[in-house]
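Overview (structure and organization)
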Amino acid sequence: MLTSIKNRSVIVTGGSKGIGKGIATVFAAQGAQVMIAARGEADGEAAAEAMRSAGGRVEFCACDVSDWDSVRKMMDHTVERFGGLHVVCANAGAFPQTKMVDMDPTEWDQVMATNLRSAFLCVKASIPHFEKAGGGRIVLTSSITGPVTGYPGWAHYGASKAGQLGFLKTACMELARYKVTINAVMPGNIYTEGLQDLGQEYLDTMAASIPLKRLGDVADIGHAALFFASDEAGYITGQTIIVDGGQIIPESLEAIQEI
Ligand code: NAP
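Since we're looking at a predicted model, the values are computed, not measured.

**Looking at the pattern of salt bridges**
- Taken as a whole and assessed by the stated rule, the structure comprises six salt bridges.
- Among the ionic pairs, Arg72 bridges to Asp69, the shortest N-O distance being 2.6 Å. Linking Arg72 with Asp69, this pair stays in helix α3 (residues 68–82), spanning three residues, or about one helical turn.

Given below as structure tokens:
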């Protein structure tokens, strides 16, 4: 059994929906105090309320993760509410699908700001709080798309997710002196609100290309994040774990049809 993270103070960005909501639910079920951070107040409050109804200690704080002041205020607010900070799950992200020929350069910048700049801002803002706490854990939500695979329409997204892993390597070294570990979960296709927007045909085709023949559940990512946040994972830093039902393994269409 992993050491309990009961009572620890945990921030989950993008915790109002999808994977973030799954991560927040898993941590809340372990007795952690969880701050959900996202832009949309209605969704955020509803997610926090649902987790409170299930017995969790969960609050919502409005935050735009691409904005430095907003991230700093959200972290300060969390420390004020929960009395400290122990874990940051930098998960919020966006994945508009646009081929480069149609992509406005501002869309590239927005995706980079939401997915990559945000990782830097969340790490930077957490350092003074972790220093005070004598250590901490950071878990990034990257992706298989970019670091491992490619998909037409996601050049910006893939670059941002691969960028997170480049950032991870140096961040783990700079954070070591504060006794902070940083690792990344790399999800495959996980069934979320954001993925539903891509349509049923996308979801069906994707499930057929995964050896385990299903999309992932948000809790699958929550449990991987929980492991990285545990005391038992204290000697692991700068590392990644792919959680994808075996999606990146098949060598060809024939290989997946053999199953
Ligand atoms: P989702 O269902 O669309 O949820 C995205 C969450 O991020 C929402 O809570 C959203 O809330 C928040 N968010 C977006 N932009 C934000 C901003 N600027 N500031 C603060 N919060 C923001 O997405 P998801 O599928 O759960 O994806 C979550 C993460 O997993 C992303 O980093 C994504 O790249 C990664 N991922 C997902 C999959 C997948 O299959 N679903 C696969 C690999 C990686 P607001 O819009 O209200 O701010």
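**Some points on the side chain of Thr192**
- Mapped onto the secondary structure, Thr192 falls in the loop between β6 (180–187) and α6 (193–196).
- If we ignore the near neighbours within four places in the chain, the residues touching Thr192 are Gly18, Ile19 and Val218.

**A closer look at the site of the ligand**
- Near the ligand there are 29 residues, and of these Ser16, Ile19, Tyr157, Ile190 and Thr192 occur at the shortest range.
- The separation between an oxygen atom of the ligand and a polar side-chain atom of Lys161 is 2.8 Å.
- Here an oxygen atom of the ligand sits 2.7 Å away from a polar atom, N or O, in the side chain of Thr192.
- If the ligand stood free it would expose 880 Å²; the protein chains cover 93% of that surface.
- Among the secondary structure elements, those contributing two or more residues to the shell around the ligand are α1 (18–29), α5 (155–176) and α6.
- Of all the elements, α6 adds the most residues to the shell around the ligand, at three residues.

**Some details on α3**
- The end-to-end C-alpha distance of α3, which contains 15 residues, comes to 21 Å, matching closely the 21 Å that a straight helix rising 1.5 Å per residue would cover.
- Buried residues along α3 sit against β1 (9–13), β2 (33–38), β3 (57–62), β4 (87–90) and α4 (105–133).
- Between the side-chain oxygen of the N-cap and the backbone nitrogen of Asp69 there are 3.3 Å, and the N-cap of α3 in question is Asp67.
- In the stretch just after α3, Gly83 is the one whose phi turns positive, near 80°.

**Some points on the side chain of Thr141**
- Among the structural elements, Thr141 can be located in strand β5 (residues 136–141).
- Polar side-chain contacts of Thr141 include one of 2.9 Å to the side chain of Asn91.
- Every residue in contact with Thr141, bar those within four places of it in the chain, is listed here: Ile19, Ile23, Ala90, Asn91, Lys161, Gln164, Val185 and Pro187.

What counts, and at which threshold
Residue indices begin from 1 for each chain and proceed along its sequence in written order. Owing to the predicted nature of the model, reporting of local features is limited to residues with pLDDT of at least 70; listing and counting of side-chain atom pairs is limited to 80 or more, with chain, interface and lining totals taken over all residues. Excluded from the side-chain calculation are hydrogens and water; included are all heavy atoms of the structure. Counted as salt bridges are all cases of a side-chain nitrogen of Lys or Arg within 4 Å of a carboxyl oxygen of Asp or Glu. Secondary structure elements follow DSSP: runs of H or I no shorter than four residues count as helices, runs of E no shorter than two count as strands, and numbering proceeds from the N terminus. Whether two residues touch is decided by their heavy atoms; if any such pair falls within 4.5 Å, the residues are in contact. Think of it this way: one heavy atom of a residue within 4 Å of a molecule or strand is enough to make that residue near it. The term polar contact refers here to a pair of N or O atoms within 3.5 Å; inside protein, the definition further demands a hydrogen-donor-capable atom paired with an acceptor-capable atom, and it admits residues adjacent in sequence only when both atoms are side-chain atoms. Here the accessible surface of atoms and residues is derived via Shrake-Rupley with a 1.4 Å probe, and residues count as covered only by protein chains that are part of the display. Helix span, as expected, comes to 1.5 Å for every residue beyond the first.

Structural measurements only, silent on function.
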